[in-house]
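Chain and residue survey
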Amino acid sequence: MAKNDKHGASRMPGKISPSAAALMAALAVPLVPMVSHAQAVSGAGASAEPGREVSTSKVAASIDATGEDQSSAVDQGLVANQYQPKGVKVGQFLIFPDASLAEAYESNIYALEDDVKSDWITKINPKVRAESQFARHSLNFGVDVEHQIYAKHSDDDQTNVRLTGDGRYDLTSNTELNVSTFVGWVHEDRGSPDAVNGKEPTPYMLANLDAGGKTTQGQWVYSLSGNGKRYDYDNVTTSAGTTIDNDNRDRDEYSLTGRVGYEFVPGYFALGQLTGKNVSYDDAVDAGGIDRSSKGYNAQAGLGVDVTQLIRGDFLVGYFDTNVDDPSVSDPSGLSIKAVFNWTPTKQTLVVPSLSREAMETTKGGSSAMVRTGTSVLVRHELRRNIIVSGFAGVDHDEYEGLDGDAWTYQGRGSVTYAFSENLYTGLDLSLRDKRQDDNLGTDYTDTVVMARIGVRM
């Protein structure tokens, strides 16, 4: 729980230093993750959501760097080989162009309890990815562009661009270096806990870089990895024409994680992990006069499992502590949990349960941090060789340090992907989000989205 006299506000990172900017520019080659068939999943999905990152077992959580579920994209990659695109060979790369058109109905586009507005949304989504065909090492990159057109509420029209990728360099058969990147120019979800409720959704830039290495020495596995994130929010206007200043949300986040594992039984590892984190906001204080910059650590230990293709994953429990620079607010601390597993009970079925508890940044007035406890399960099944069905269910419980009350978010999603051939596919998605929170934290709301999509690819 929290220490109650000193430091506690969380603050969003500031301008990136010249040296850090040079490092990120050098390494931020846009890459896109490869997706494997359900019977051989070994790391699909981009950078994992904080608290769901995986390690020794290489679990595919299908969460991208923005924390959004990407299971529909993964569904397309799970169909049998004869229904997967073959790509265009260019040198030592295979290029995979893809373009889809979707029509969606959303019941509550502003995530409100009263005066609810619905709309039809057209989504145009061209993308391309490249996957290396090297004998050793790997390098994969891609670009994803999505343009959303609202039928009635044109202020919410938006274009989101994402550059993603990963690379691996094999120093020896036991030692490898890894890098993954995400750079996105996207828009904040209307239901975000920190949403500022502008006339239009808040545009922001997120740059994420992960770099590190892993080596196996007999029964021991050692790894060291660093992460850097940059958040840069644009100002937006209200319906009255006034400007909402978002500069005090801009921040840099850095973390360094060391990890050691010992395989005491074939396929089972005793694990220890220590993460140090630094958060630096651009502005010395936010609109409420709080200095939200902070430093902290998260120490965890537990069990890792890597039993052939049957089950892979981690279960870690520990303690986190964050010291916020502002002495007038309390410091968040307490139990931390990070657990995620890949379970393949059959060659056609993939089950990914997860559980996490961690402190997260927030700019909500009066709070130094948001402590989120979340659990979810993702299930995908190859109904037929060209039909994939998936379901996702999750619950998040948010506690705001320094504020009374809490918030519960319930999410559910189901989808069907049908491949007519290796070049043509279609799908149907249904999602539901329901949020219940105390009055001082915001309003309750329920939002439902139904979407049909069709796409072509090579």
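Our structure's up above, just so we're on the same page.
Report on the accompanying structure. (Residues numbered from 1 in each chain as written. Predicted model: local features only at pLDDT ≥ 70, side-chain atom pairs only at ≥ 80, totals over all residues. Heavy atoms only, no water.)

Glancing now at the overall build of the protein chain. The number of helices and strands found in the protein chain is two helices and 21 strands. When each of the 458 residues of the protein chain is scored for burial, the buried share is 48%. Counting only contacts in the protein chain whose residues sit at least 6 apart along the sequence, the fraction spanning at least 24 positions is 61%. Roughly 20,100 Å² of accessible area belongs to the protein chain as shown, and the carbon and sulfur atoms make up 59% of that amount. (Helix = DSSP H or I, 4+ residues; strand = E, 2+ residues; numbered from the N terminus. Buried < 20%, exposed > 50% of the residue type's maximum accessible area, 1.4 Å probe, protein only. Contact = heavy atoms within 4.5 Å. Areas by Shrake-Rupley, 256 points an atom, 1.4 Å probe, with all protein chains shown as cover.)

Pairs can form between side chains of opposite charge whenever their charged atoms are close. What the rule picks out here adds up to 23 salt bridges. With its nearest N and O atoms 3.0 Å apart, the salt bridge here joins Arg-230 to Asp-282. Of this pair, Arg-230 sits in strand S8 (residues 220–233) while Asp-282 sits in the loop between strand S12 (268–281) and strand S13 (294–307), and the two are 52 residues apart along the sequence. We classify Arg-230 as buried; its relative accessible area is 6%. You can call Asp-282 partly exposed: its relative accessible area is 25%. (Salt bridge = Lys/Arg side-chain N within 4 Å of Asp/Glu carboxyl O.)

A word on the environment of Ser-255. Its place among the elements puts Ser-255 in strand S11 (residues 251–265). On a C-alpha basis, the gap between Ser-255 and Asn-278 in space is 6.3 Å, while along the polypeptide they are 23 residues apart. Not counting the four nearest positions on each side in its chain, Ser-255 is found in contact with Ser-225, Gly-226, Asn-227, Thr-275, Gly-276 and Lys-277.

What follows is about the pairing of strand S7 (residues 203–217). Direction of pairing for strand S6 (residues 175–187) relative to S7: antiparallel, over a ladder of 13 bridges. The partner of His-187 across the bridge, within S7, is Pro-203. Of the strand pairs in this sheet, S7 and S8 are connected by 14 bridges, and their pairing is antiparallel. Paired with Ala-207 across the bridge in S8 is Arg-230. Linking S7 to S8, which pair antiparallel, is a turn of two residues; within it Gly-218 sits at a positive phi near 65°. (Pairing = 2+ DSSP bridges.)

Tracing the backbone through its elements, the reader meets Val-161 in strand S5 (residues 158–170). Non-local contacts of Val-161, meaning those with residues more than four positions away in its chain, are made with Asp-144, Val-145, Val-183, Gly-184, Trp-185 and Val-186.

Residues Tyr-105, Trp-120, Leu-428, Leu-430 and Val-450 make up a contiguous nonpolar surface patch of about 480 Å² in total accessible area. Turning to its location among the elements, Tyr-105 is positioned in strand S2 (residues 93–106). (Patch = residues over 30% accessible without salt bridge, like charges linked within 9 Å, V, L, I, M, F, W, Y side chains within 5 Å.)

Moving on, we get to the packing of aromatic side chains. Using the criterion set out here, one finds nine aromatic pairs in the structure. Geometrically, the ring pair formed by Tyr-105 and Trp-120 is tilted, given 5.2 Å between the ring centres and 55° between the ring planes. Of this pair, Tyr-105 sits in strand S2 while Trp-120 is found in strand S3 (residues 119–132), placing the two residues 15 residues apart along the sequence. A ring pair is formed by Tyr-418 and Phe-420, whose centres lie 4.9 Å apart and whose planes are at 70°; its orientation type is edge-to-face. Under the relative-accessibility criterion, Tyr-418 is labelled partly exposed at 32%. Counting every residue linked through ring pairs, the aromatic cluster contains Phe-93, Phe-134 and Phe-141. (Phe/Tyr/Trp six-rings, centres within 6.5 Å; stacked < 30°, edge-to-face > 60°.)

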